[in-house]
Amino acid sequence: MDRRSRTFLIAEGVVIIASILMAFAIQAAWEELQENQEVERILKTVLKEHIQNVAAIEQWEASFGPLADRSMQNALVASADPSALSIDEFNQLLADVSYYAAPNVRFYSIENMIKGGKLALIEDADLREALGSWYETVEFYSRKSRTEERYLDETFIPFLIENAHLPSIIGRAGPEGYNYGVLGSSETPTQRDHRSLLQSNELIGHLTWKYLYVQDYRLTNSAYLENHRTLGEQLVAALGLPTGEYARLLEQQTAR
């Protein structure tokens, strides 16, 4: 093989190797681009969900919290003196404590991120830690709401069915923003006097359980709201959005 042929073969080999390396580089760049787009899509969804949660929790605090306080206070007063509440007021109390008290907190996007192993794609260590902590908080709502749902369906509602006249209770408005009673939204056709139930330790026990459950939600709400702005601003920064965008988005959601 002459010198010219050897040179040609070397050059051809270099070209082949360079082509392979270039292909690897292009593939890596393409995968990085797709990964960055996936992270951006996830963070946008998480931000939207987070803002919806803040608005939902603030609404809950304005309605369910005070309602739970009034219901428990009224029940304790009426247990000592049943005439302290009218028949209608007590029937409303029974309807009020029959709702699912769990705040309408959403966590699908962060759950998918965690369980799908996508959290590792977040380069910012502080944001990764914040998202992990946030997931633990919203997952608490899920566990508590499932327990509460079972309790109401399997214990409290059957107690009312056995001991109360449901047509006197159904169809009453719930807290602000929540418009359902035990069984739906039909008109209340009659009124029965259920105040004698307050002499039962069983009903007082149910009301106390519900009140304590609401307090659990309140504590978690407080922790969520205390840290929501930090997480929101971290998400906005990671997405490259303008400073102040989180406050604008939150105000927009709250105004709906």
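Starting from 1, residues in each chain are numbered consecutively following that chain's sequence as written. Selection of residues for local features in this predicted model requires a pLDDT of at least 70, selection of side-chain atom pairs for listing and counting requires 80 or more, and totals for whole chains, interfaces and linings are taken over all residues. The basis for the side-chain values is all heavy atoms of the structure; hydrogens and waters are excluded.

Side note on the side chain of Asn221
Segments assigned H or I by DSSP are reported as helices when at least four residues long, segments assigned E as strands when at least two residues long, and all are numbered from the N terminus. Mapped onto the fold, Asn221 is located in helix H5 (residues 201-238). The exposure class assigned to Asn221 is buried, which follows from its relative accessible area of 0%. In contact with Asn221, other than residues within four places in its own chain, are Ile57, Trp60, Glu61, Pro103 and Tyr141. Burial classification: accessible surface area is computed with a 1.4 Å probe over protein chains only, and a residue below 20% of its type maximum counts as buried, one above 50% as exposed, and the rest as partly exposed. Residue contacts follow a heavy-atom distance rule, with two residues in contact if any of their heavy atoms lie within 4.5 Å.

Remarks on the packing of helix H3 (residues 108-115) against helix H4 (residues 125-163)
What counts as an axis is a line fitted to C-alpha atoms, over the stretch in contact for a helix, and the angles between N-to-C directions run from 0 to 180 degrees. Running from N to C, H3 and H4 point in directions that differ by 120 degrees, and their axes come no closer than 10 Å. In terms of orientation, H3 and H4 fall into the oblique class. Remark: the crossing between H3 and H4 carries left-handed chirality. On H4, the residues touching Ile110, Glu111, Met113, Ile114 and Lys115 of H3 are Leu131, Trp134, Tyr135 and Val138. For the contact of H3 with H4, the residue count by class is 7 nonpolar, no polar and 2 charged. Every angle not falling under 35 degrees, over 145, or within 65 to 115 is termed oblique; those three ranges are roughly parallel, roughly antiparallel and roughly perpendicular. Should the near helix be turned anticlockwise from the far one by less than a right angle, the crossing is left-handed, and should it be turned clockwise, the crossing is right-handed. Under the scheme applied, nonpolar residues are Ala, Val, Leu, Ile, Met, Phe, Trp, Tyr, Cys and Pro; charged residues are Asp, Glu, Lys and Arg; polar residues are all the others, including Gly.

Observations concerning the nonpolar core
Side-chain atoms within 4.5 Å link the members of a nonpolar core, which is a set of buried Ala, Val, Leu, Ile, Met, Phe, Trp, Tyr and Cys residues. Within the largest apolar cluster, 39 residues are counted, with the highest numbers of intra-cluster contacts made by Leu43, Met113 and Leu131. When residues in this core are grouped by element, the largest group, 12 residues, is from helix H1 (residues 3-80). Dropping the residues within four chain positions of it, Leu131 is found in contact with Leu43, Val46, Ile110, Met113, Leu119, Ile122, Leu231 and Leu235. Of all hydrophobic cores here, the second largest spans 24 residues; its members include Leu152, Leu197, Leu198 and Ile204.

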